[in-house]
Amino acid sequence: MTLPPSPPPDAGQPVLPGCARHPDRPTGLRCTRCERPACPECLREAAVGYQCVDCVREGNRGVRRAVTVAGAELVSKPIVAPVLIALNVLVFVITAVQSRSVMTNYDGSDLFTDWFMRPILVATGEWWRLVTNGFLHDGIAHLGVNMLALWFLGRDLELLLGRGRFIASYVLSLLGGSVAIMLFDDPMTAAVGASGAIYGLLGGLLVAVLKLKLNIGPVLGVIALNVVITFSVPNISFLAHAGGFVVGAALMAAMLYAPAKQRGSWQAGAFVASAVVLAGLTFYRYNELQALLLGG
């Protein structure tokens, strides 16, 4: 943007007024909207002439911002997904340093021992394991596969949902996977990984593709491939994947199919309801396992 130069003061002419925002800067320029004096730094190109930054800001207040189908403001790049990846990598580095291995980082790592998921340990009061297990990974390959999936799924869904909705969906999907293990798996089962949350993103992507009437073939292909991997590779928790998928798909449906005029209330209600249901199911299983511990 090229602004017209401010004419230099002349000894034979009156002294130029100071800029409205920078009184120490004499200027011969004015805002075409409010007609206040403005230096070149305070002017922005408008449809006709130049307007000061205050008028531009005031004019933008009445402009309706473009939003996605989920009600999120349009942004150019994701932030939450890269941060989640960084957190997972950081936790892995800590466990690898503690265990002195990137392949068996579970062996000798105090952080791994304190954070992995096991229903019977949750029943002893260690509630944090329902969430912390989602940031642990068993070996560098496990981490790499999950973080690659998180990047490809997360970057697009974050732009669609916005940061707040994306974080809520990710955390609740992670909890959905943990609660499924808590409810239906052996109490002594150990589980780690971001897979529950990632499958939640995958379930959400399926719903989004259906809502936007896009080509569903590639998404179904990815889901089919993941189902094959889940049942063919040992030590992969189908329950964590299924729990995360169901929660993620349900939340996405609530967000995208909510009435436009009441979208915020519906979405907030869906998040709260999901959290309450997951907490209730966990508490139910907690009581069962408590009885088992006392009986044993």
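This one's a predicted model, so the numbers in the text were calculated from it and none came from an experiment.

Analysis parameters
- Residues numbered from 1 in each chain as written.
- Predicted model: local features only at pLDDT ≥ 70, side-chain atom pairs only at ≥ 80, totals over all residues.
- Heavy atoms only, no water.
- Axes fitted to C-alpha atoms, helices over the stretch in contact; angles between N-to-C directions.
- Helix = DSSP H or I, 4+ residues; strand = E, 2+ residues; numbered from the N terminus.
- Parallel < 35°, antiparallel > 145°, perpendicular 65-115°, else oblique.
- Left-handed = near helix turned anticlockwise from the far one by under 90°.
- Contact = heavy atoms within 4.5 Å.
- Nonpolar A, V, L, I, M, F, W, Y, C, P; charged D, E, K, R; others polar.
- Core = buried A, V, L, I, M, F, W, Y, C linked by side-chain atoms within 4.5 Å.
- Buried < 20%, exposed > 50% of the residue type's maximum accessible area, 1.4 Å probe, protein only.
- Salt bridge = Lys/Arg side-chain N within 4 Å of Asp/Glu carboxyl O.
- Expected span 1.5 Å × (residues − 1).
- Bend = angle between axes of the 7 residues up to and from the residue.

1. Points about the packing of helix H8 (residues 195-212) against helix H10 (residues 238-256)
Argument step 1. It is at 6 Å that the axes of H8 and H10 come closest, and there the two elements cross at 40°. Judged on the interaxial angle alone, H10 and H8 are oblique. Classified by chirality, the crossing of H10 by H8 is right-handed. Seen from H8, the contacting residues are Ser195, Gly196, Tyr199, Gly200, Leu202, Gly203, Gly204, Leu206, Val207, Ala208 and Lys211; seen from H10, they are Ala240, His241, Gly244, Phe245, Gly248, Ala249, Met252, Ala253 and Leu256.
Argument step 2. For the contact of H8 with H10, a count of residues per class yields eleven nonpolar, eight polar and one charged.

2. Remarks on the nonpolar core
Argument step 1. Core analysis: the largest hydrophobic core is formed by 46 residues, its most contacted members being Leu150, Phe166, Tyr170 and Met252.
Argument step 2. Those elements giving two or more residues to this core turn out to be helix H2 (80-99), helix H3 (110-115), helix H6 (140-161), helix H7 (163-184), H8, helix H9 (217-232), H10 and helix H11 (263-295).
Argument step 3. The dominant element in this core, judged by the number of residues it contributes, is H8, at nine residues.
Argument step 4. Every residue in contact with Leu150, bar those within four places of it in the chain, is listed here: Ala81, Leu84, Ile85, Asn88, Arg155, Tyr170, Ile198 and Leu201.

3. So, the pattern of salt bridges
Argument step 1. Evaluation of the coordinates by the stated rule reveals six salt bridges.
Argument step 2. Among the ionic pairs, Arg25 bridges to Glu41, the shortest N-O distance being 2.7 Å. Here the residue Arg25 occupies a position in the segment before strand S1 (43-45), and Glu41 occupies one in the segment before S1, the gap between them amounting to 16 residues.
Argument step 3. Notably, a salt bridge pairs Glu288 with Arg285, separated by 2.8 Å at the nearest N-O pair. Of this pair, Glu288 and Arg285 are both found in helix H11, three residues apart, which corresponds to roughly one turn of the helix.
Argument step 4. Overall, the relative accessible area of 32% leaves Glu288 in the partly exposed class.
Argument step 5. Using a relative accessible area of 13% as the deciding quantity, one classes Arg285 as buried.

4. A closer look at unusual backbone geometry
Argument step 1. Notably, Glu35 is not glycine yet its phi reads approximately 65°, a positive angle.
Argument step 2. With respect to the element layout, Glu35 can be found in the segment before S1.
Argument step 3. Its identity as a non-glycine residue notwithstanding, Lys213 has a phi of 55°, on the positive side.
Argument step 4. Position of Lys213 among the secondary structure elements: in the loop between H8 and H9.

5. Describing H6
Argument step 1. The first and last C-alpha atoms of H6 sit 30 Å apart over 22 residues, in line with the 32 Å expected at 1.5 Å per residue.
Argument step 2. When the local axis directions of H6 are compared, the greatest deviation, roughly 35°, occurs at Gly154.
Argument step 3. Residues Leu143, Asn146, Met147, Leu150, Leu153, Gly154, Leu157, Glu158, Leu160 and Leu161 constitute the buried set of H6.
Argument step 4. On its buried face, H6 sits against H2, H7, H8 and H10.
Argument step 5. One or two residues past the end of H6 sits Gly162, with phi positive at roughly 90°.

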